[in-house]
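# A closer look at the structure
Here's the letter readout for the chains.
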Amino acid sequence: MASGQQWVLVEMVQAFYEAPAYHLILEGILILWIIRLLFSKTYKLQERSDLTEKEKEELIEEWQPEPLVPLVSKDHPSLNYDVVTGFVSAVSGHISEEMNLPPSHKIIVNGKECVNFASFNFLGLLESERVKLKALSSLKKYGVGTCGPRGFYGTFDVHLELEERLAKFMRTEEAIIYSYGFATIASAIPAYSKRGDIIFVDEAACFSIQKGLQASRSFIKYFKHNDMEDLERLLKEQEIEDQKNPRKAKVIRRFIVIEGLYINTADLCPLPELVKLKYKYKVRIFLEESMSFGVLGEHGRGVTEHFGVNIDDIDLISANMENALASIGGFCCGRSFVIDHQRLSGQGYCFSASLPPMLAAAAIEALNIMEEDPGLFRVLRDKCKHVHKALQGTPGLKVVGEPLAPALHLQLENSSGSRTDDLKLLRAIVDYSLDRQIALTLARYLDKEERFLPPPSIRVVVTVEQTQEEIERAAQCIRQAAEKILK
Amino acid sequence: MQLLNRKYLFSFSCKMRFSKLFYSQLLKLMFYSVLFFVCRQKSKMNVGVAHSEVNPNTRVMNSRGIWLTYALGVGMLHIVLLSIPFFTVPVVWTLTNVIHNFGMYVFMHAVKGTPFETPDQGKARLLTHWEQLDYGVQFTSSRKFFTISPIILYFLASFYTKYDTAHFVINTASLLSVLIPKLPQLHGVRIFGINKY
């Protein structure tokens, strides 16, 4: 606007003629650059392949296809499975009728009625009449399935009630329900831990944790089972690396994933030391409580109550409701700030149908029973100690697990070196017990998929329903089997 | 004689200063056309519907209508700057060039990651928007467009500043700051570790 000039084209063109040379040369280079751009082809950056065409052909010729169905021997254990039927021909009162009962304390395996030492029915809620009645009335009210995920008309009032009750029971701010126990921790871990983050895991972590770790694409560092020095060494190494590169350290998140009671080794994690390490090295703790929920602690709140650790020190507690609570599904509980994130990021929550309302109602009723009668947990603990003591001294078998653990492992004292042979021996013991009406099971793993495959074992499960005399009979039976088969 | 001169000038002049009334009508026209084009975006990018695109940042610059919106946005910026009374035309052009390049640098080459969570566990967390475009494929059409547009702006700015030295220095520095990060050799490169994490 200075001096109200009008920009005349003639003046502009004149300025162009009088332009300095360097400017015009630069513009010329830029025009050439544009032309080069317009004619360049798109390409991906990592297209380089280190193999020549000839080498590729050679590799293709060498390849031999594997058979679609690999050859399997006739006596492969998976081909000879045990068939469980729940059919009990019972005489109820004065009416003799054949009643169909589902397996719980008594189980019919291969046609023989046995005492159940294999199902994770710790509190005996599987055949509780109250739970069954509640489930039936819920079935009449809601039908069977929800036919939708939580975000798409799959949220029923029983789900919200169960979440509230679980949060109140565990004394945390909020809880979230998953419809499949395996998917609970496998969805929770990748919701928080992404590429570039670091997770410190115990070697004995169960398969669902391993799948969650795999899905998270983070850096996984395993420490020896329950070895706090090993964990501290790893944490110290990470601290040194963080000090070398503080800007990177500010962006990555660190987690420790542990189980309260390990399924594979039946022992407890040292939770107070872990909380100390958490605050020393600024790591978050994810605690998986599938086996210890409803088992440990004075009121059944799990390993935090057992050790007297403040529940706010644990960032996320995850458990499945398929063991003590005798329902289906799983839950995570913790602070609202933490749990709310899973409502959009938990893959198993957003993209799976929600828990059938019948099972949610059953879980609520089971929680009611647990809250009303905390004496159950002491009974269970006494029985566990009893079983642990009774199984000591079995010739050829060692008892792996704590006296508190409701699911013990019996492993061979002297392994024969080959896993299949060990499994055959243990299977013979199980068969012997089945003949004598004690139902036991081998602990099963996906051999090729497990990171640290545990040694073959028989899993003995203790429930509150087992009487003293049944426990004695079972211990006796196992001792006889071991003497006979493992001599 | 004077009148003849004025007529002569008129026939060759290109009026870059508008009368007030004409200017306000033009502003209204530009605003509504921008709004119209933005709202009628039937984009290849499905807005508000379920889509399987893992990282929408990769596809947003290919959406239908976005190039036009971008061009009109630059035009709006220029008109706004032109309407400030105490800037001369060369200053306005240099300012347009510099502000456009600064904005482009900040949004395409400085800010990293995505403003939303992606289902790929944070693959693009450390990548700038330019590096995320088309999942890292170089020389796609939108990449070419966004490389050429600051160059065109630079040509216009140097023409309208009459190739003045001071303006040349500022405009060239600004252009280089926006052209060099777009080279395929600098994909994922962080000089001196600046902006790496």
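Worth saying up front: this structure is predicted, and the values here are computed from it rather than measured.

Before going further, it helps to spend a moment on helix H6 (residues 181–192) of chain A. Of all 12 residues in H6 of chain A, 11 are buried, a share of seventy percent or more. Along H6 of chain A, the positions that sit buried rather than exposed are Gly 181, Ala 183, Thr 184, Ile 185, Ala 186, Ser 187, Ala 188, Ile 189, Pro 190, Ala 191 and Tyr 192 of chain A.

Residue and element names in this part refer to chain A. The buried count for strand S9 (residues 254–259) comes to 6 of 6 residues, which makes it a mostly enclosed element. Pairing between strand S7 (residues 198–202) and S9: 4 bridges, direction parallel. By the bridge assignment for S9, Ile 198 is matched with Arg 254. In this sheet, strand S10 (residues 284–288) lies alongside S9 in parallel orientation, the contact comprising 5 bridges. Bridging across to S10, Ile 256 finds its partner in Ile 285. As a crossover connection, the stretch from S9 through helix H10 (residues 271–281) into S10 is right-handed.

Moving on: the UniProt feature "transmembrane region" (unreviewed entry) in chain A. Residue and element names in this part refer to chain A. UniProt feature "transmembrane region" (unreviewed entry): in the numbering of this structure it lies at residues 20–39 and 175–193. The straight-line gap between the two end C-alpha atoms of residues 20–39 is 30 Å; of that span, 95% is helix and 0% is strand. Between the C-alpha atoms that bound residues 175–193 the distance is 19 Å, and the span itself is 63% helix and 21% strand.

Right, let's get into the nonpolar core. Residue and element names in this part refer to chain A. Counting residues in hydrophobic clusters, the biggest one holds 130 residues, and the most contacted among them are Leu 162 and Ile 258. A total of 9 residues in this core trace back to one element, the largest contributor, which is helix H14 (residues 357–372). Setting aside chain neighbours within four positions, we find Ile 258 in contact with Phe 223, Cys 269, Leu 271, Leu 274, Ile 285, Phe 286, Leu 287 and Glu 288.

Mapped onto the elements of the fold, Thr 147 of chain B is located in helix H6 (residues 141–160). The exposure class assigned to Thr 147 of chain B is buried, which follows from its relative accessible area of 7%. The contact partners of Thr 147 of chain B, leaving out residues within four places of it in the chain, are Trp 33 and Leu 37 of chain A together with Trp 130, Leu 179 and Lys 182 of chain B.

This paragraph deals with the interface of chain A and chain B. Of the residues lining the interface, 47 residues belong to chain A; the matching set on chain B comes to 45 residues. Summing the contributions of chain A and of chain B, the shared interface buries around 4200 Å²; its carbon and sulfur component is 66%. Counting the contacts that link chain A with chain B gives 3 salt bridges. Ionic pairing is found between Lys 162 of chain B and Glu 11 of chain A, a salt bridge with its closest N-O pair at 3.4 Å. The set of elements that each furnish at least two residues to the side of chain A that touches chain B consists of helix H1 (9–17), helix H2 (21–39), helix H7 (207–216), helix H9 (246–251) and helix H12 (336–345) of chain A. When residues of the side of chain A that touches chain B are assigned to their parent elements, the largest contribution, 12 residues, is made by H2 of chain A. Taken together, the residues of the side of chain A that touches chain B sort by class into 25 nonpolar, 10 polar and 12 charged.

Let's shift gears to the environment of Ile 317 of chain A. Among the structural elements, Ile 317 of chain A can be located in strand S11 (residues 316–320). For the pair Ile 317 of chain A and Cys 332 of chain A, spaced 15 residues apart in sequence, the C-alpha separation works out to 5.5 Å.

The UniProt feature table records "domain: Aminotransferase class I/classII large" (unreviewed entry) at residues 114–476 of chain A. Spanning residues 114–476 of chain A, this segment combines 45% helix with 16% strand, and its end C-alpha atoms are found 15 Å apart.

On the surface, Arg 247, Lys 248 and Lys 250 of chain A together with Lys 196 of chain B cluster together into a positively charged patch. Its place among the elements puts Lys 196 of chain B in the segment after helix H7 (165–179). You can call Lys 196 of chain B partly exposed: its relative accessible area is 41%.

Here we come to the sheet that holds strand S17 (residues 457–461) of chain A. All names here are of chain A. Spatially, S13-S14-S17-S16 is the arrangement adopted by the 4 strands of the open sheet, whose pairing is antiparallel. On the outer flanks of this sheet lie strand S13 (397–400) and strand S16 (441–442), each paired with one strand and no other. By the bridge criterion, 4 bridges tie S13 to strand S14 (residues 407–412) in an arrangement that is antiparallel. Note on S14: the bridge partner recorded for Val 399 is Leu 410. The sheet strands contacting helix H15 (residues 375–391) are S13, S14 and S17, and the helix crosses S14 at an angle near 10°.

All right, on to the sheet that holds strand S1 (residues 84–85) of chain A then. Residue and element names in this part refer to chain A. Spatially, the 4 strands line up as an open sheet ordered S1-S4-S5-S15, and their pairing is mixed. Pairing within the sheet leaves two strands with one partner each, and these edge strands are S1 and strand S15 (438–439). Across 4 bridges, the pairing between strand S4 (residues 106–109) and strand S5 (residues 112–116) is antiparallel. Looking at S5, one finds that Ile 108 is bridged to Glu 113.

Quick look at H14 of chain A now. Residues and elements named next belong to chain A. Look at H14: 22 Å from first C-alpha to last across 16 residues, which is about the 22 Å you get at 1.5 Å a residue. Along H14, 12 of the 16 residues are buried, which leaves the element largely enclosed by surrounding structure. Turning to H14, its buried residues are Pro 357, Ala 360, Ala 361, Ala 362, Ala 363, Ile 364, Glu 365, Ala 366, Leu 367, Asn 368, Ile 369 and Met 370. Considering only its buried residues, H14 is in contact with helix H4 (129–142), helix H5 (157–170) and H15.

Quick notes on the rules
Position numbers for residues count from 1 along each chain, tracking the sequence in the order it is written. Think of it this way: whatever chain is written first is A, whatever ligand is written first is 1, and the rest follow in order. Whole-chain, interface and lining totals are the exception, using all residues; otherwise, since this is a predicted model, local features are given only for residues with pLDDT of at least 70 and side-chain atom pairs are given and counted only at 80 or more. Excluded from the side-chain calculations are hydrogens and water; all other atoms, namely the structure's heavy atoms, are used. When accessible area is computed with a 1.4 Å probe and restricted to protein chains, residues below 20% of their type maximum are described as buried, those above 50% as exposed, and intermediate ones as partly exposed. Helix numbering and strand numbering both begin at the N terminus, where a helix is a DSSP run of H or I of at least 4 residues and a strand a DSSP run of E of at least 2. Strands qualify as paired when DSSP identifies two bridges or more between them. Crossover handedness is defined here as right-handed if the route from the first strand over the helix to the second strand goes clockwise, with the strands pointing away from the viewer. UniProt positions are given in the numbering used here, feature names are shortened, and annotations may be inferred rather than shown by experiment. What makes a nonpolar core is a set of buried Ala, Val, Leu, Ile, Met, Phe, Trp, Tyr and Cys residues whose side-chain atoms join them at distances within 4.5 Å. Contacts are assigned to residue pairs with any non-hydrogen atoms lying within 4.5 Å of each other. The buried area of a pairing is the accessible area, by a 1.4 Å probe, that goes missing from both parts when the two are put together, added over both. Counted as salt bridges are all cases of a side-chain nitrogen of Lys or Arg within 4 Å of a carboxyl oxygen of Asp or Glu. Basically, the charged four are Asp, Glu, Lys and Arg, the nonpolar ten are Ala, Val, Leu, Ile, Met, Phe, Trp, Tyr, Cys and Pro, and anything else, Gly included, counts as polar. By definition, no residue in a patch forms a salt bridge, and every one has over 30% relative accessible area; like charges are joined within 9 Å, nonpolar side chains (Val, Leu, Ile, Met, Phe, Trp, Tyr) within 5 Å. Per-residue and other accessible areas were derived by the Shrake-Rupley procedure at a 1.4 Å probe size, with only the shown protein chains allowed to occlude residues. Charge convention: Lys and Arg are scored as positive, Asp and Glu as negative, and His as well as the terminal groups of each chain are ignored. Each charge is placed at NZ for Lys, CZ for Arg, CG for Asp and CD for Glu. Axis definition: a line fitted to C-alpha atoms, over the contacting stretch in the case of helices. Angles run 0 to 180 degrees between N-to-C directions. By this rule, a helix spans an expected 1.5 Å times one less than how many residues it contains.

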